[in-house]
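So the chains spell out like this:
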Protein chains: 4
Amino acid sequence: MLKVGLLGAGRIGQVHAVNIAGNARSSLVAVSDMHQPAAEKLAAEYGAEARSSDAILSDPAIDAVLIATSTDTHSDLIEAAAKAGKAVLCEKPVDLSLERAQQCLKAVEGTGKPVMIGFNRRFDPNFAALKVSLQKGQIGKAELLAVTSFDPAPPPVSYIKVSGGLFRDMMIHDFDMANFLMGEAPVTVRAVGSSIVDPEIGAAGDVDTAVVTLTYADGRIAVIKNSRRAVYGYDQRVELLGSDGLLQAGNMLENTVVRSTVDGVVSGKPTYFFLERYMPAYAAEWQAFVDAVLDGAKMPVTLKDGIAALAMAEAATESARTGQAVDLKG
Amino acid sequence: MLKVGLLGAGRIGQVHAVNIAGNARSSLVAVSDMHQPAAEKLAAEYGAEARSSDAILSDPAIDAVLIATSTDTHSDLIEAAAKAGKAVLCEKPVDLSLERAQQCLKAVEGTGKPVMIGFNRRFDPNFAALKVSLQKGQIGKAELLAVTSFDPAPPPVSYIKVSGGLFRDMMIHDFDMANFLMGEAPVTVRAVGSSIVDPEIGAAGDVDTAVVTLTYADGRIAVIKNSRRAVYGYDQRVELLGSDGLLQAGNMLENTVVRSTVDGVVSGKPTYFFLERYMPAYAAEWQAFVDAVLDGAKMPVTLKDGIAALAMAEAATESARTGQAVDLKG
Amino acid sequence: MLKVGLLGAGRIGQVHAVNIAGNARSSLVAVSDMHQPAAEKLAAEYGAEARSSDAILSDPAIDAVLIATSTDTHSDLIEAAAKAGKAVLCEKPVDLSLERAQQCLKAVEGTGKPVMIGFNRRFDPNFAALKVSLQKGQIGKAELLAVTSFDPAPPPVSYIKVSGGLFRDMMIHDFDMANFLMGEAPVTVRAVGSSIVDPEIGAAGDVDTAVVTLTYADGRIAVIKNSRRAVYGYDQRVELLGSDGLLQAGNMLENTVVRSTVDGVVSGKPTYFFLERYMPAYAAEWQAFVDAVLDGAKMPVTLKDGIAALAMAEAATESARTGQAVDLKG
Amino acid sequence: MLKVGLLGAGRIGQVHAVNIAGNARSSLVAVSDMHQPAAEKLAAEYGAEARSSDAILSDPAIDAVLIATSTDTHSDLIEAAAKAGKAVLCEKPVDLSLERAQQCLKAVEGTGKPVMIGFNRRFDPNFAALKVSLQKGQIGKAELLAVTSFDPAPPPVSYIKVSGGLFRDMMIHDFDMANFLMGEAPVTVRAVGSSIVDPEIGAAGDVDTAVVTLTYADGRIAVIKNSRRAVYGYDQRVELLGSDGLLQAGNMLENTVVRSTVDGVVSGKPTYFFLERYMPAYAAEWQAFVDAVLDGAKMPVTLKDGIAALAMAEAATESARTGQAVDLKG
């Protein structure tokens, strides 16, 4: 049984609390949050204790921590937790600064403690099944990947300003998806972006609509489309052309009802946003982490994976700014 | 908070235990089972006590019982529980004997206690959404209903022999679905059936493939198709033609992956069986029961609903045997 | 090159004219119609001559006739044409009277001339592909067939009165589809029907909504649903459960465009009516007839097939009237 | 009635011959081909005459010519035909040389004769319906376009060598589709490509897999994916995100049959190649040309449209070669 401390009791922390408490191999021991009442409320729901982060990290009875705090604290907490001997699952992104993330990696490697980054989409049943099919060779060799990832509505501009920008905040998931499916990092990143959804986003120095092209050493190509607004719901699809066929993973729908009238044939919309779509993915992610820690297996998503995606986000940010292709360092 | 005793710790009892324990408005206090170790094991998982049924029924601290025992005990337990002042949620069917079920109804009516029958499919998100669309008038007046309900594989013949037959054991769900969607009972039942899947089922006096036609006072028609074997998975669909359109509720699929190769375009199969397909329905059913009991609202599915479906099953059994149409008594 | 006379220049005659003239192995020589200007107009479009039916039948240069006149003339014209040595393709139904149709069969058998009945749906690419899959054994042995056949809107009551009723006029196609797919006639027919779409149809002695159950000697079952009104378009589907799987053939859609908005996901409706849906089927039907005549092969749909479907229509009409099951004579 | 001369009796010329001869407002008068027997054979099928191109162009009784010859002859024939007073429908591309195409435009403008370029996909019922929906404002303002266009199998390398390269030969259709849907040309073209399908194609100086990103003056973005190999068939899809929703136009399928077995749910593949998919588009294209000429309306696709697409192809070719973004001249 893995004894777990949860750092961060916000929206995503609450999602993780359900899975930590509901998992047969883990128990939620303690919760911390900058806002103490939030920690107390969440802890109470699961019979856990509200504590400070320091108290959690220094408690030898706690085996693992899940870091669901704000991004600017991730690197510090990962380092502190690993040094305190905890296994770590940290929400994405590792950091907004690639340099800081790389320092974090060095610090952590010294400890030998397992650190996993929360790229939950790898555990989505649809994307995971697509990967299994690919690995079985059912479409031969992968050649051309297309990832579509649209949010239902843009976040407030106040959030945009501290987010690190679309490439670090939103597309970072898709960069990791590309790495997950293509099995390696690309060599060159080309990005274009604009603030066509909301000019305020542009005024804040960010884009809300973007297309990134990734090219690989052996000639394979990937393309990622992002938009901050798809009014019909969270649109999360992957499509991979291979030498022997095509794999597509589509959206989950609200329900399977189809209504045919004189106005057309109407079916359900995609589930609204990431909590609805990825709830099973969060549970599977946690299961994978617990199993890896308890069974001494390899982390399914590593800190290096987190840094690889961050490097692509940084390259895309630069490419979108300069209009030039950016080569990734090997 | 509703304090609940669970009678029956078998497969379906275990499903209910998850929902009772996981619901914010109910807690699982005690579990009973003919096979004591099964009760103990399940109780231990949820911090409940293993007791006898009698001990549960006589405990004034228990507000409600969920009856998930074998069918032949349902009527007795419903009566005993209602007399002991408990709210009751009982798995379908009420009884294999229509007469006994009607006695049970009389006995329960005297107590004034709420009894709900577990027709879980009414709470399936897809069928529920279809009903909402119908009630909103989106297809006008219902005219022609078609229910398709295929199991992935037939049960053992030993089970068939004590099941009451396909119409009472399997199609009873579809009779209730017809009542749920058409809003009233039909006037006449016509059934045909055969044992084409497995002659052993025929030798046991039952059918494994059947079609029932229901006709209503105002000319509406419903048709139900059942088969004990659909090798591709649990096939559960409803289709309702109305004066202004058609509503269809389809299967949930394993995943959304589509693979296109020279051999064709392959998508996921329906989820395998009722546990996979109807897990959300069981949770919603329990929520509806808890809400109705705690808020003093009307039971969403009543004992009378259970008896109405049973009367249709009895009529269908007779019709399939005699080849004649059978009129239902008003 | 098959030289063809077309009897009947109405809506369906015009469809056939396109195919006769457009086929590389046939040419349209002459057209007749009770309404002479209609024959002249159609003949002129294809460089054919307008003549009387008698003149067409007595012309030794004409090899085959296509009978697209009103139903009450079919038997007489089939007989006359066969006696005149013509190959015959006659629109369905053979006759409204089963007895008269059987006389016609006897008369024709004496001539040895090939007669095909125009059950065009056997040649629909979707239903034909379903049959091919079945014949390849891809779903094992057929067990339970369901045919859905809804018209977009009811015909005028004046048409209903001379149509012979829904079972002879509309469902006869579905009876033939059942025979086509099940490979034999059923032993018993059970029908229910009502005039829920339009009470005027009921006042005219007919039904507009009906369900027929067919049972076969070996226990297989088929069910057919008909409605005269599906406001979203012509709904023509077949679904066949077998021991190793399920085959479904669906509608052709107006186009493949899917529109996702806050109101839902909207796709195209089925093509509107039989001319839109079955145009490729009419062309394939004509090709099959021409090939069979010119190559001396077996007719793909025979006069006996037409009579078998008519016998089922008659039995269904009686069953719907009496409420009793009707056994077909072997 | 438009009297038409067809220049070129190859595969695509034969497609056009069917439509010219089958259209109620046009007749096929004469056919030419470098290979005289091919012209004779095709002419004979439609009761037309085989002639030289010069004889067709100099015949005052001929109103229009359809140019379906090899690409290197297009510009010369367009000029000659326009100067001879013919209306012209010419297959794409206008030319492999943008400069030569621009000369051709100047020469033609002097004649005042209507010239249409055969971008048949604009007339595909699916893409045309998508455009209608967009024009009706059903998804608000277009923001992000994605065009997927995969051939089933690469052409022989001998063809590749004279094709002008993937961007001029294959993606030119998609450039025109982008112009058709976005309503204007982009300002910048970014292309990546590789020869991952067949190294021989790379050795011939071309690519077989490519992604092009187009950016527009107002911030809109389009992305086009091409591959020379999709083993499951011709994959032709368009997807357009707007401020109020998403439009998707998908493939036409072989048939609507769906087969569910233990191995999964199998549906039909896309129709195999452009002849199967775009036959209705070719007929609609011809109808649009005939109507525009006879009714004196504006050409639905102009020579300028052909040149705009060619300019994008040239820019993409350069971008793929240099790795740099290429700005289009206004």
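Since we're looking at a predicted model, the values are computed, not measured. For every chain, the first residue of the written sequence is number 1, and numbering continues from 1 onward in sequence order. For this description, chains carry letters from A and ligands carry numbers from 1, given in the order in which they are written. Confidence filtering applies because this is a predicted model: local features only for residues at pLDDT of at least 70, side-chain atom pairs given and counted only at 80 or more, and all residues used for totals across whole chains, interfaces and linings. Heavy atoms from the whole structure form the basis of all side-chain values; hydrogens and water molecules are not counted.

**Quick notes on the overall build of chain A**
Here is the rule: Counting from the N terminus, the helices are DSSP H or I runs at least four residues long and the strands are E runs at least two residues long. Our radius of gyration looks at C-alpha atoms and nothing else; its globule reference is 2.2 Å times the residue count to the power 0.38. Only protein chains enter the accessibility calculation, which uses a 1.4 Å probe. A residue is then buried if its area is under 20% of the maximum for its type, exposed if over 50%, and partly exposed in between.
What chain A contains, in helices and strands, is twelve helices and 15 strands. A compact globule built from 330 residues should have a C-alpha radius of gyration of about 20 Å, and chain A, at 20 Å, falls within 12% of that. In terms of overall dimensions, chain A has C-alpha extents of about 55 × 55 × 45 Å along its principal axes. Expressed as a percentage of the 330 residues in chain A, the buried residues total 58%.

**Points about the UniProt feature "domain: Gfo/Idh/MocA-like oxidoreductase N-terminal" (unreviewed entry) in chain A**
Definition in use: UniProt positions are given in the numbering used here, feature names are shortened, and annotations may be inferred rather than shown by experiment.
If you check UniProt for "domain: Gfo/Idh/MocA-like oxidoreductase N-terminal" (unreviewed entry), the listed places come out as residues 2-119 of chain A in our numbering. Between the C-alpha atoms that bound residues 2-119 of chain A the distance is 21 Å, and the span itself is 43% helix and 24% strand.

**So, the packing of helix H4 (residues 74-83) of chain C against helix H5 (residues 98-111) of chain C**
Residues and elements named next belong to chain C. Condition: In this analysis, axes come from line fits to C-alpha atoms, helices being fitted only over the stretch in contact, and the angle between any two N-to-C directions falls in the range 0 to 180 degrees. For classification purposes, angles smaller than 35 degrees are called roughly parallel, those larger than 145 roughly antiparallel, those between 65 and 115 roughly perpendicular, and all remaining angles oblique. The criterion used for residue contact is that any of the two residues' heavy atoms lie within 4.5 Å. Each residue receives one of three labels: charged for Asp, Glu, Lys and Arg, nonpolar for Ala, Val, Leu, Ile, Met, Phe, Trp, Tyr, Cys and Pro, and polar for the others, Gly being one of them.
Two elements in contact, H4 and H5, have axes separated by 9 Å at closest approach and are oriented at 5 degrees. What the angle tells us is that H4 and H5 run roughly parallel. For the pair H4 and H5, contact is made by Ser75, Asp76, Ile78, Glu79, Ala82 and Lys83 and by Arg100, Ala101, Gln103, Cys104, Ala107, Val108 and Thr111, respectively. Across the contact of H4 with H5, the residue classes tally to six nonpolar, three polar and four charged.

**Overview of the relation of the copies chain D and chain B**
This is how it is decided: Least squares is used to superpose the copies, and the fit set is the C-alpha atoms of residues whose pLDDT is at least 70 in both copies.
Once chain D has been moved 0.0 Å along the axis and rotated by 180 degrees, it coincides with chain B to within an RMSD of 0.0 Å. With respect to symmetry, the two chain copies, as superposed, fit the operation of a two-fold axis. Scanning chain D for the C-alpha nearest the rotation axis identifies valine 266 of chain D, at a separation of 2.2 Å. When you check the interface residues of chain D against chain B, 100% turn up at the interface there too, and the contact is symmetric in its surfaces.

**Overview of the packing of aromatic side chains**
Counted only if it meets this: Paired rings are identified among Phe, Tyr and Trp, the last through its six-membered ring, by centres lying within 6.5 Å, and are further divided according to the angle between planes into stacked (under 30 degrees), edge-to-face (over 60) and tilted (the rest). Both a distance and an angle decide whether a charge sits over a ring: NZ of Lys or CZ of Arg must be within 6 Å of the ring centre and within 35 degrees of the ring normal.
The full count for this structure, using the stated rule, is 20 aromatic pairs over all chains. Judged by centre distance (5.2 Å) and plane angle (35 degrees), the ring pair of tryptophan 286 of chain A and phenylalanine 289 of chain A falls under tilted. Of this pair, tryptophan 286 of chain A and phenylalanine 289 of chain A both sit in helix H11 (residues 274-295), three residues apart, roughly one helical turn. As far as burial versus exposure is concerned, tryptophan 286 of chain A and phenylalanine 289 of chain A are alike and both buried. What links up through ring pairs into an aromatic cluster is the set Tyr234, Tyr272, Phe273, Phe274 and Tyr278 of chain A. Between the NZ or CZ atom of lysine 131 of chain A and the centre of the ring of phenylalanine 180 of chain A, over which it lies, the distance is 4.1 Å. A cation over an aromatic ring shows up here: arginine 220 of chain D above the ring of tyrosine 216 of chain D, its NZ or CZ 5.2 Å from the ring centre.

**With respect to the interface of chain D and chain B**
The condition that has to hold: Reported buried area values correspond to the accessible surface (1.4 Å probe) lost by two parts on association, with both partners' losses combined. In what follows, salt bridge is the name for a side-chain nitrogen of Lys or Arg lying within 4 Å of a carboxyl oxygen of Asp or Glu. Pairs of N or O atoms are called polar contacts if they sit within 3.5 Å, as long as, within protein, a hydrogen donor faces a hydrogen acceptor (for residues adjacent in sequence, only side-chain-to-side-chain pairs). Should DSSP find at least two bridges between two strands, the strands are regarded as paired.
Residue-level contacts link 13 residues of chain D with 13 residues of chain B. Across the chain D to chain B interface the summed buried area is about 1000 Å²; carbon plus sulfur atoms make up 61%. Across the contact surface, chain D and chain B share zero salt bridges. For the pair chain D and chain B, the interface holds four residue pairs in polar contact (both at pLDDT 80 or more). Of all the elements, strand E14 (residues 264-267) of chain D adds the most residues to the side of chain D that touches chain B, at four residues. Across the side of chain D that touches chain B, the residue classes break down as six nonpolar, five polar and two charged. In this sheet, E14 of chain D lies alongside strand E14 (residues 264-267) of chain B in antiparallel orientation, the contact comprising three bridges. Residue valine 266 of chain B lies in a different strand from E14 of chain D, and its bridge partner there is valine 266 of chain D.

**Observations regarding the interface of chain B and chain C**
Between chain B and chain C, the contact holds 42 residues from the first and 42 residues from the second. In total, chain B and chain C occlude about 2900 Å² of area from one another, counting both sides; carbon and sulfur atoms represent 64% of this. In this structure, the connection of chain B to chain C is made through six salt bridges. Residue glutamate 239 of chain C is joined to arginine 237 of chain B by a salt bridge in which the shortest nitrogen-to-oxygen separation is 2.7 Å. The interface formed by chain B and chain C contains ten residue pairs in polar contact (both at pLDDT 80 or more). Contributing elements (two or more residues each) for the side of chain B that touches chain C: strand E7 (142-150), strand E8 (188-194), strand E9 (209-215), strand E10 (221-227), strand E11 (235-242) and strand E12 (245-249) of chain B. With six residues, the single largest contributor to the side of chain B that touches chain C is E7 of chain B. Counted by class, the side of chain B that touches chain C contains 17 nonpolar, 14 polar and eleven charged residues.

**Some words on the side chain of histidine 173 of chain D**
All names here are of chain D. Turning to its location among the elements, histidine 173 is positioned in helix H9 (residues 172-182). Residue histidine 173 is classed as buried on the basis of its relative accessible area of 10%. With near-sequence residues (within four places) excluded, histidine 173 lies in contact with Lys92, Gly118, Phe119, Asn120 and Arg121.

**Concerning the sheet that holds strand E6 (residues 115-118) of chain A**
Residue and element names in this part refer to chain A. If you walk across this open sheet you meet the six strands as E3-E2-E1-E4-E5-E6, and the pairing is parallel. In this open sheet, the two edge strands, each paired with only one partner strand, are strand E3 (49-50) and E6. Relative to strand E5 (residues 87-91), strand E4 (residues 64-67) runs parallel, the two being bridged by four bridges. When the bridges of E5 are listed, alanine 64 appears paired with alanine 87.

**Considerations on the relation of the copies chain B and chain C**
Of the two same-sequence chains, chain B is brought onto chain C (RMSD 0.0 Å, axial shift 0.0 Å) by a rotation of 180 degrees. In this assembly the copies share their binding face: 100% of the residues contributing to the interface of chain B also contribute to that of chain C.

**A word on unusual backbone geometry**
With an omega of -15 degrees, the peptide bond between lysine 92 of chain B and proline 93 of chain B qualifies as cis. Locating proline 93 of chain B in the fold gives a position in the loop between strand E5 (87-91) and helix H5 (98-111).

**Digging into the nonpolar core**
Basically, it comes down to this: Residues enter a nonpolar core if they are buried and are Ala, Val, Leu, Ile, Met, Phe, Trp, Tyr or Cys, with the set joined through side-chain atoms within 4.5 Å. Marked domain ranges trace back to an automatic or database domain assignment.
Counting 99 residues, the largest nonpolar core has Ile78, Phe167, Phe175, Leu214, Phe289 and Leu303 of chain C as the members making the most contacts within it. Composition of this core by domain shows at least three residues from each of domain 1 (2-113) and domain 2 (122-272 + 309-327) of chain C.

**Regarding the pairing of E14 of chain D**
Residues and elements named next belong to chain D. Inspection of the sheet shows strand E13 (residues 257-261) paired to E14 by four bridges, in the antiparallel sense. Opposite serine 260, over in E14, you have valine 265 as the bridge partner. From the end of E13 to the start of E14, which pair antiparallel, there are two residues.

**Observations regarding the environment of glycine 165 of chain A**
Residue and element names in this part refer to chain A. Along the chain, the position of glycine 165 falls in the loop between helix H7 (157-162) and helix H8 (166-169). Judged by relative accessible area, which is 14%, glycine 165 ranks as buried. For the pair glycine 165 and alanine 297, spaced 132 residues apart in sequence, the C-alpha to C-alpha distance is 34 Å. Excluding residues that lie within four positions of it along the chain, glycine 165 makes contacts with Ile160, Met170 and Asp206.

**A look at the domain arrangement of chain A**
All names here are of chain A. Each assigned domain of chain A is listed with its residue range as follows: domain 1 (2-113) and domain 2 (125-280 + 309-327). With centres defined by C-alpha atoms, the gap from domain 1 to domain 2 works out at 28 Å. For the domain 1 and domain 2 pair, buried surface summed over both sides reaches about 970 Å², with 71% attributable to carbon and sulfur atoms. Sorting the residues of domain 1 by area buried against domain 2 places Lys92, Leu96 and Leu98 first, and these three jointly supply 55% of that buried surface. If you look at where domain 1 meets domain 2, you find zero salt bridges. Put simply, domain 1 and domain 2 have two residue pairs in polar contact (both at pLDDT 80 or more) between them.

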